[in-house]
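# Structural overview for review
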Amino acid sequence: EPEPPADPLAQLNERQREAVAAQERAVAVVAGPGTGKTKTLVARIADMIEARGIKPAEITAVTFTNKAASEMLERLQQRLGGKRAVRSLTVGTFHSICLRLLTERRGEISLIDEYEALEIAQEVLEGLHTKISPKALLQEASRRKNGLTAGESPEGMDEACERYGGRLRELGVLDFDDLLLETLAELENDAEQGAAWTQRFSHLLVDEFQDINPIQYRLVRMWNRAGKSLFVIGDPDQSIYGFRGSDARCFERLEEDWPELRRISLLQNYRSTPEILRCALPVISHNDGPERMLLPQRPSGATVRLLTAESDLSEAIFVAKEINRMTGGIDMLDAQSLSGSSAQPRSFSDIAVLYRTHRQAQLLEKCLRKEGVPYLVAGREDYLADRSVRGTIGFFRFLLNPQDTASLRTWLRALEGCSEQEAGCIAAQWAASGPDGLSAPLLERIERYRPRAAKEKPAALLKKWGEENGLSAAEPFTRLTNMAAFHSDLFSFLQTLLLGQERDLVRSGGKSYASGAVMLMTLHGSKGLEFPAVFLCGLRRGCLPLESPGRPADIAEERRLFYVGMTRAQEELVLLTSQEPSSFLKELPEGAVETGAIGPKRPEGVQLSLFD
Ligand code: ATP
Ligand code: MG
């Protein structure tokens, strides 16, 4: 990496510079992938601080993931020369910013995660005679809190939602939706509080604005109501959270609420080769909307490949072997016989393997391990719902926040053999009389771990905890430990587990990744990122567009997901399909891809034992 230039506006094109310098009350940069929107946003913050003398304490930037927030802070720190300049900036996701605001306002708050919410939903439903599943209840409760009306509700849903809300209040906990709603309520009902918060939102910037939901939109409006500038960036073609209530029409609402809004578009794409854009643009053009244009700035590169495998298995085996070939790995002996191999071997971290659902990762992981490829997996995964993992997280969350009785209950139930009722009693006693409410052995554990929690790394704490509780050998617990290795303090680890978006939650594949690692993630998780080489897996019917029982696929949104995936690639894009190809593949322009078949014979050296 070359030294960043002193002038943050250097290295930007004219339009981008305009966006950085725009003085209008509200500015929206609406532009396609890889056009430098995020880069421009960062440059604008730097420019505000350096050239316009705006205090960092008056600037807030909202990102879609916590990872993106810390990367943004790092870049600014580099550019502005040191930590001090960025310390008072507010950068984070909607949820992390709201958590900070509410905690400042009310002291510690008990926030429950999706698993605790599921347990509460289950408990609520047990008392009702209904066929509603806990998951369906949570989805509906969330829709209602977000002001979305879904047609007819099944019988009993009204009551279930009511009871769920009541139970949360009884327990004194907030779920993720409440976190935003409560913040909004503070703003709307308490003018004084609103005013106190206004200052830090004087200059508000929002990345990935296309994925904002109605509540988040209201937060933006309230936060910046008395502010000086609003700067949002996004791309309606990359709106991929419609199922969660996000709505790309927020750009239009913006125009209504800020009639003086200035719109800026960017056309130059600095990310991908012309070959890649030539595939991506015609696909997204099948969605309604104005004509899409991206002007490739990169030199011409490799042709996009579309490969058909006989099964998911042979697809995964191919990916693993191909990665080894591209990185000059153990298959180097065969490399000479392969045409089209890039002159320079890639490093593992240049490569991403993307898929529609987490479930697809399993097979890929097995094949990558078999081939000795180091990898990282990003995303929320099933193991986080495991009992021992829940109990562990509960214990450590309680340790850091003694007011978090929801976590105390989770720990007691999952690992200390308490029934729901016993755990509830102990938690109530604790809330009323503190340490006197706990038995000696429980208290001893807490007292023993408390001083260590502040000093030791989460991985070391978990190791000890695992041994003490006989969890070390359990697969889900091991995965949790693999994730802990990425964090240097317990608080940030637990915070990530609690508030983490797809990309925030990363675990290693168990192998050393000193030389970098291939990134495995869902299409959703890949938003905003870029990689020199990208594999898109499972582009077959049922998988993309994803067909799930009881919910018709939103074809336009699935197409946007495919578009997001393709436009992550900088130099090399490999599309993989098997069985019946995805209907989207027909939308690739003729002659733009090189097609081929994988198999049919099982590649050498891969035995069935792989899947024992
Ligand atoms: P997405 O919609 O996927 O989030 P984006 O519009 O935010 O994309 P960035 O991630 O900011 O795009 O930029 C894409 C790449 O292009 C980055 O590697 C960035 O450094 C590079 N880039 C952006 N603008 C320029 C420029 N003017 N000159 C050279 N490189 C640029
Ligand atoms: Mg971006």
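Refer to the structure presented above.
Okay, so let's go over this structure. These figures come from a predicted structure and were not determined experimentally.

What counts as what
Residues numbered from 1 in each chain as written. Chains lettered and ligands numbered in written order. Predicted model: local features only at pLDDT ≥ 70, side-chain atom pairs only at ≥ 80, totals over all residues. Helix = DSSP H or I, 4+ residues; strand = E, 2+ residues; numbered from the N terminus. Rg over C-alpha atoms; globule rule 2.2 N^0.38 Å. Buried ≥ 20, exposed ≤ 12 C-beta atoms within 10 Å, placed from the backbone. Contact = placed C-beta atoms within 7 Å. Expected span 1.5 Å × (residues − 1). Pairing = 2+ DSSP bridges. Axes fitted to C-alpha atoms, helices over the stretch in contact; angles between N-to-C directions. Parallel < 35°, antiparallel > 145°, perpendicular 65-115°, else oblique. Left-handed = near helix turned anticlockwise from the far one by under 90°. Core = buried A, V, L, I, M, F, W, Y, C linked by C-beta atoms within 7 Å. Near = placed C-beta within 6 Å. Nonpolar A, V, L, I, M, F, W, Y, C, P; charged D, E, K, R; others polar.

Okay, the overall build of the chain next. Broken down by element type, the chain carries 24 helices and 18 strands. Against the 2.2 N^0.38 benchmark of 25 Å for 612 residues, the chain shows a C-alpha radius of gyration of 25 Å, consistent with a compact globule. Across its three principal directions, the C-alpha atoms of the chain cover 75 × 65 × 55 Å. Evaluated residue by residue, the chain yields a buried proportion of 45% over its 612 residues. Contacts in the chain between residues far apart in sequence, at least 24 positions, make up 77% of those at least 6 positions apart.

Another aspect to go through is helix 19 (residues 420–433). Taking 1.5 Å as the rise per residue, helix 19 with 14 residues should run 20 Å; its terminal C-alpha atoms sit 20 Å apart, in good agreement. Buried residues in helix 19 make contact with helix 18 (405–415). Gly434 lies just past helix 19 and shows a positive phi near 60 degrees.

On to the environment of Arg540, then. For Arg540, the location among the structural elements is in the loop between strand 16 (531–536) and helix 24 (555–566). For the pair Arg540 and Gly516, spaced 24 residues apart in sequence, the C-alpha to C-alpha distance is 30 Å. The contacts of Arg540, once residues within four sequence positions are left out, are Thr577, Ser578, Gln579, Glu580, Pro581 and Ser582.

What follows deals with the sheet that holds strand 2 (residues 59–62). Backbone-to-backbone hydrogen bonds join strands into a sheet, with any given pair of strands oriented parallel or antiparallel. Pairing in this open sheet of six strands is parallel, and the strands run 3-2-6-7-1-8 from one edge to the other. For this open sheet the edge positions go to strand 3 (90–92) and strand 8 (262–264), each flanked by a neighbour on one side alone. Direction aside, neighbouring strands of the sheet carry axes that sit 10 degrees apart on average. Both strand 1 (residues 26–30) and strand 8 contribute to a ladder of three bridges, which runs parallel.

On to the packing of helix 6 (residues 114–126) against helix 8 (residues 157–171), then. As a packed pair, helix 6 and helix 8 sit with axes 9 Å apart at the nearest point and diverge in direction by 125 degrees. The orientation of helix 6 with respect to helix 8, classified from their angle, is oblique. Classified by chirality, the crossing of helix 8 by helix 6 is right-handed. Along its contact with helix 6, which presents Ile120, Ala121, Val124 and Leu125, the element helix 8 presents Ala160, Arg163, Tyr164, Arg167 and Leu168.

This brings us to the sheet that holds strand 15 (residues 518–522). Across the sheet, which stays open at both edges, the eight strands sit in the order 14-13-15-12-16-17-11-18 with mixed pairing between neighbours. With partners counted over all chains shown, the strands left at the sheet margins are strand 14 (506–508) and strand 18 (593–597), one partner each. The sheet shows a mean angle of 20 degrees between the axes of neighbouring strands, taken without regard to direction. Two elements, strand 16 and strand 17 (residues 569–578), share five bridges in a ladder whose sense is parallel.

Ranked by size, the top nonpolar core spans 93 residues in total, and within it Val319, Leu354, Leu364, Val518 and Leu520 carry the most contacts. Beyond its immediate stretch of four places on either side in the chain, Val319 contacts Val353, Leu364, Cys367, Phe535 and Cys537. The next biggest cluster of nonpolar side chains, apart from the first, holds 73 residues, and it includes Val30, Ala43, Leu111 and Trp223.

Turning next to the site of ligand 1. Taken together, 17 residues are adjacent to ligand 1, and Gly36, Lys37, Thr38, Lys39 and Tyr270 come closest. Broken down by element, the shell around ligand 1 gets its largest block of residues, three residues, from helix 2 (residues 37–50). Looking at side-chain class alone, the shell around ligand 1 contains three nonpolar, nine polar and five charged residues.

With that settled, the discussion passes to the packing of helix 7 (residues 134–145) against helix 8. Running from N to C, helix 7 and helix 8 cross one another at 80 degrees; their axes reach a closest spacing of 10 Å. Classified by the interaxial angle, the pair formed by helix 7 and helix 8 is roughly perpendicular. Across from Leu137, Glu140, Ala141 and Arg144 in helix 7, the residues of helix 8 making contact are Met157, Ala160, Cys161 and Tyr164. Considered class by class, the residues forming the contact of helix 7 with helix 8 number six nonpolar, no polar and two charged.

So, about the environment of Leu575. Within the element layout of this structure, Leu575 appears in strand 17. For Leu575, a count of 25 C-beta atoms within 10 Å corresponds to the buried category. A C-alpha to C-alpha distance of 9.0 Å links Leu575 and Leu585, two positions ten residues apart in sequence. Apart from residues no more than four positions distant in its own chain, Leu575 is found in contact with Val304, Arg305, Leu306, Leu536 and Leu539.

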